[in-house]
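Overview (structure and organization)
Here is how the chains run, residue by residue.
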Number of protein chains: 2
Amino acid sequence: MGSFEAATKRQVSPYNDEHLTLDFTRQAVALDAERIVLTRKEYDLLALLVQHAGEIIPRHALLMQVWGYGADIRTRTLDVHVRRLRKKLGGYADQYIETIFGIGYRFQPFHAPRFYQAQSVNPVIALSA
Amino acid sequence: MGSFEAATKRQVSPYNDEHLTLDFTRQAVALDAERIVLTRKEYDLLALLVQHAGEIIPRHALLMQVWGYGADIRTRTLDVHVRRLRKKLGGYADQYIETIFGIGYRFQPFHAPRFYQAQSVNPVIALSA
DNA sequence: GGGCTTTTTACAAAGTTTTTACAAGTTGGC
DNA sequence: GCCAACTTGTAAAAACTTTGTAAAAAGCCC
């Protein structure tokens, strides 16, 4: 049931997928073995998203964790940072950082498109009809 | 997690039948193992119906619960949402979301057709007339 | 001050919800 | 059975909300 207490329990073992690497102890990020330079806020934002890979993180949670903003602050700085982060993530950006409309964002580990999976994963159907 | 489960206290254990899955904690819906994307209102509406599977829910109750509308508001937004929901539920739509004329709607868990019924296509109608 | 990062501003674009207007379906009285 | 009144279905437009983007302004730190 993790809340986003990133500050206390930061993951230490590095994140790593086909294209992206995050070394949390060194705060270093690499894309396709090429190191990319992030500013502090960009890194914090990415780290938080990556540490909750697969989970939707609501805007207010991001603003809370990364900026310390309380609930009712109106700002577009999160969007701007997401945009710059995406820019630096190059062509994979939209695969990595997903916008969940009306809620927030979600980081998804890189996953090459699968061609075969379209079939039915649902053997039960065979029994009907 | 936990930051944004639907406004009212809701069932937490997932719904699941032959074709449809609802994960109430993640607000995620899948049809035949394929994830389907619903807008918030669509999800709220479906969730409410599913949580009362088998029960008729009157229009005014749906408008109350999902929209917060009071008794005397005239709107067709419920119908429009039902329509879009049905569209996203594909071929099973009419089996799942039933219209109760003059009252409201009812969600029915999927029930595969049985073999012996298939013979005479429409026994019930045969009895009338 | 100069270079960098962060935030704001102001608008554009995209997404969602509601309304509108009418078609189609249902029901009950005749 | 047929009609009138009413309910629901549907498509498209309008209204509204959220997110994306570029550029300027404001902070920082040496």
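A brief look at the structure comes next. All values reported here derive from a predicted model rather than from experimental measurement.

1. A look at the overall build of chain A
A count of helical and extended segments in chain A gives four helices and seven strands. Out of the 129 residues in chain A, the part that is buried amounts to 40%. Pairs at least 24 residues apart make up 48% of the contacts formed inside chain A by residues separated by at least 6 positions. Split by element, the accessible area of chain A, about 7,900 Å² in all, is 56% carbon and sulfur.

2. What to know about the packing of helix α2 (residues 59–67) of chain A against helix α3 (residues 77–88) of chain A
Residues and elements named next belong to chain A. Two elements in contact, α2 and α3, have axes whose closest approach is 10 Å; the angle formed by their N-to-C orientations is 85 degrees. Taken together, the axes of α2 and α3 are roughly perpendicular relative to one another. Across from Arg 59, Leu 62, Leu 63 and Trp 67 in α2, the residues of α3 making contact are Thr 77, Leu 78, Asp 79 and His 81. Taken together, the residues of the contact of α2 with α3 sort by class into four nonpolar, two polar and two charged.

3. Remarks on the layout of surface pockets
Considering only enclosed or pocket space, the second largest pocket measures out at about 420 Å³ in volume. Taken together, 20 residues line the second largest pocket, and the ones lying closest to its centre are Ile100(A), Gln27(B), Arg35(B), Val37(B) and Leu38(B). Elements with a minimum of two residues in the lining of the second largest pocket: β6 (97–100) of chain A together with β4 (34–36) and α1 (40–51) of chain B. Top contributing element to the lining of the second largest pocket by residue count: β6(A), with three residues. Class assignment for the residues of the lining of the second largest pocket results in ten nonpolar, four polar and six charged.

4. Focus on the packing of aromatic side chains
Considering all chains together, one arrives at ten aromatic pairs over all chains under this definition. For the pair Tyr92(A) and Tyr96(A), a centre-to-centre distance of 6.3 Å together with 80 degrees between the ring planes defines the contact as edge-to-face. Classification of Tyr96(A) by relative accessible area gives buried; the value is 0%. Aromatic pair Tyr15(B) and Phe107(B): ring centres 5.5 Å apart, planes at 85 degrees, arrangement edge-to-face. Of the two residues, Tyr15(B) is situated in strand β1 (residues 15–16) and Phe107(B) in strand β7 (residues 104–107); the sequence distance between them amounts to 92 residues.

5. Quick word on the protein's contact with DNA strand D
Close to DNA strand D lie 25 residues, the nearest being Arg83(A), Tyr105(A), Arg83(B), Thr99(B) and Tyr105(B). Within 4 Å of the protein, atoms of DNA strand D come from sugar and phosphate in 64% of cases. Between DNA strand D and Arg86(B), the relevant distance is 2.9 Å, taken from a phosphate oxygen to a side-chain nitrogen or oxygen of the residue. Every element with two or more residues in the surface near DNA strand D is listed here: α3 and β6 of chain A together with α3 (77–88) and β6 (97–100) of chain B. Among the elements that make up the surface near DNA strand D, the one with the highest residue count is α3(B) (five residues). Split into classes, the residues belonging to the surface near DNA strand D amount to ten nonpolar, four polar and eleven charged.

6. Here we look at the pattern of salt bridges
Tallying each qualifying case throughout the model produces 15 salt bridges over all chains. Asp44(A) is the partner of Arg40(A) in a salt bridge, and the nearest nitrogen-oxygen pair spans 3.5 Å. One end of the pair is Arg40(A) and the other is Asp44(A), both in helix α1 (residues 40–51) and four residues apart, which spans about a single turn. Residue Arg76(B) pairs with Asp79(B) through a salt bridge whose shortest N-O separation is 3.3 Å. Each of Glu42(A), Arg84(A) and Lys88(A) takes part in a single network of salt bridges with overlapping partners.

7. A short note on helix α2 (residues 59–67) of chain B
All names here are of chain B. Here α2 has its buried residues at Ala 61, Leu 62, Leu 63, Val 66 and Trp 67. Packing partners of the buried residues in α2 comprise α1, β5 (56–58), α3 and β7. Following α2 by one or two positions, Gly 68 adopts a phi angle in the positive range, close to 75 degrees.

8. Notes on the protein's contact with DNA strand C
Taken together, 25 residues lie near DNA strand C, and Thr39(A), Trp67(A), Thr39(B), Trp67(B) and Thr75(B) sit nearest. In this structure, a phosphate oxygen belonging to DNA strand C sits 3.0 Å away from a main-chain N or O atom of Lys41(A). Looking at the surface near DNA strand C, the elements with two or more residues in it are α1 and α3 of chain A together with α1 and α3 of chain B. In the surface near DNA strand C, the residues fall into eight nonpolar, eight polar and nine charged.

9. Digging into the sheet that holds strand β3 (residues 28–31) of chain A
All names here are of chain A. Spatially, β1-β2-β3-β4 is the arrangement adopted by the four strands of the open sheet, whose pairing is antiparallel. Each edge of the open sheet carries a strand with a single partner, namely β1 (15–16) and β4 (34–36). Here β1 runs beside strand β2 (residues 20–23); their pairing, made up of two bridges, is antiparallel. Paired with Asn 16 across the two strands is Thr 21, which belongs to β2. Relative to the sheet, α1 contacts β1, β2 and β3, its axis offset from that of β2 by approximately 105 degrees.

Rules of the game
Residues numbered from 1 in each chain as written. Chains lettered and ligands numbered in written order. Predicted model: local features only at pLDDT ≥ 70, side-chain atom pairs only at ≥ 80, totals over all residues. Heavy atoms only, no water. Helix = DSSP H or I, 4+ residues; strand = E, 2+ residues; numbered from the N terminus. Buried < 20%, exposed > 50% of the residue type's maximum accessible area, 1.4 Å probe, protein only. Contact = heavy atoms within 4.5 Å. Areas by Shrake-Rupley, 256 points an atom, 1.4 Å probe, with all protein chains shown as cover. Axes fitted to C-alpha atoms, helices over the stretch in contact; angles between N-to-C directions. Parallel < 35°, antiparallel > 145°, perpendicular 65-115°, else oblique. Nonpolar A, V, L, I, M, F, W, Y, C, P; charged D, E, K, R; others polar. 1 Å grid on protein atoms, 1.4 Å probe; cavity = no way out; pocket = protein on both sides within 12 Å on 5 of 7 lines; lining within 4 Å. Points joined across faces, edges and corners; volume = space filled by probe spheres on them. Phe/Tyr/Trp six-rings, centres within 6.5 Å; stacked < 30°, edge-to-face > 60°. Near = heavy atom within 4 Å. Polar contact = N/O pair within 3.5 Å; in protein donor to acceptor, adjacent residues only side chain to side chain. Salt bridge = Lys/Arg side-chain N within 4 Å of Asp/Glu carboxyl O. Pairing = 2+ DSSP bridges.

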